[in-house]
Amino acid sequence: FPSHDKIFCSTGSLGMGITVAVGRAIAAEPTPSHFALLNELVELTGKHNIECNQLAIGIADGEADFHIHEGNSTMNSFVRHRTNHHSDISVKVKTQTLNSFIDSLNLDSNIGFVKMDIEGFENEVIFEPSFEDAVKKIDAMYVEVHDFDEQRKIDQNFNKIKERFLSWGKSVDKLQFDGMFVY
């Protein structure tokens with residue numbers, strides 16, 4: 001768990017609860033309504049150690065179409081559900097690779113902990129070429145693994161991602177059926 005002097009980074013979700021325990025929290029949130037809520041929560045709680053960035057962690061720096069799930073805003077993603085098409089609504093969002101995002105922060109130390117919940121896009125982001133460089137700048141990560149094909153391939157996705165981290169000399173512990181702790 002990150003110590004008070006370490007930096008916490010949350011990608012793709014609000015991540016407010018952990019900010020009490022860290023000195024600095026950095027959030028990357030692409031969903032416009034979630035970004036607005038995050039800023040409102042920062043103001044209401046007075047937790048000004050949280051830096052809010054409206055962007056998505058992606059496979060390139062630039063912009064991309066981001067799909068909005070009309071029924072469940074926690075399932076907004078670059079990846080559409082294939083068996084439960086949820087919406088034709090999409091918005092353009094700024095994107096950065098995780099490595100580019102970390103470099104833009106001009107940090108003088110590693111990030112203590114990254115929570116990555118990017119709704120199915122982890123299968124792309126983790127295999128993006130600069131991701132290995134990003135991992136070297138992070139002490140530990142929690143990665144939520146998804147099965148957007150909804151074909152019961154979550155174990156296959158989990159193992160593919162786990163092997164990637166292991167190839168970089170990281171340790172991986174499975175947490176529940178859809179999460180991994182990487183250190």
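Per chain, residue numbering runs from 1 following the sequence as it is written. Totals for whole chains, interfaces and linings use all residues, but because this is a predicted model, local features are given only for residues with pLDDT of at least 70 and pairs of side-chain atoms are given and counted only at 80 or more. The side-chain quantities take in all heavy atoms of the structure and omit both hydrogens and water.

**Q** Hey, could you run me through the overall build of the protein chain in this one?
**A** For the purposes of this entry, the term helix denotes a DSSP run of H or I that reaches at least four residues, the term strand denotes a run of E that reaches at least two, and both are numbered from the N terminus. When helices and strands are counted, the protein chain shows 5 helices and 10 strands. Put simply, of all contacts in the protein chain between residues at least 6 apart along the chain, 63% involve residues at least 24 apart. A total of about 8900 Å² of accessible surface is found on the protein chain, and carbon and sulfur atoms cover 49% of it. Note on contacts: a residue pair is in contact if any heavy atoms of the two residues lie within 4.5 Å. Working definition of accessibility: Shrake-Rupley area with a 1.4 Å probe, residue cover restricted to the visible protein chains.

**Q** Looking at this structure, how should I read the environment of H146?
**A** If you trace the backbone, H146 turns up in the loop between β8 (138–144) and α5 (154–167). Discounting residues that sit within four places of it in the chain, H146 has contacts with D117, E119, G120, E122, N123, I154 and N157.

**Q** In this structure, what is going on with the sheet that holds strand β5 (residues 62–67)? I would like to understand it.
**A** Note: strands within a sheet are paired through backbone hydrogen bonds, in either parallel or antiparallel orientation. When DSSP finds two or more bridges between a pair of strands, those strands are recorded as paired. Across the sheet, 3 strands lie side by side as β4-β6-β5; this open sheet has mixed pairing. Since the sheet does not close on itself, it has two edges, and those belong to β4 (56–57) and β5, each with one partner. Bridge analysis of β5 against strand β6 (residues 90–96) gives 6 bridges, and the strand direction is antiparallel. In the sheet register, H67 faces β6, and the bridge partner there is S90.

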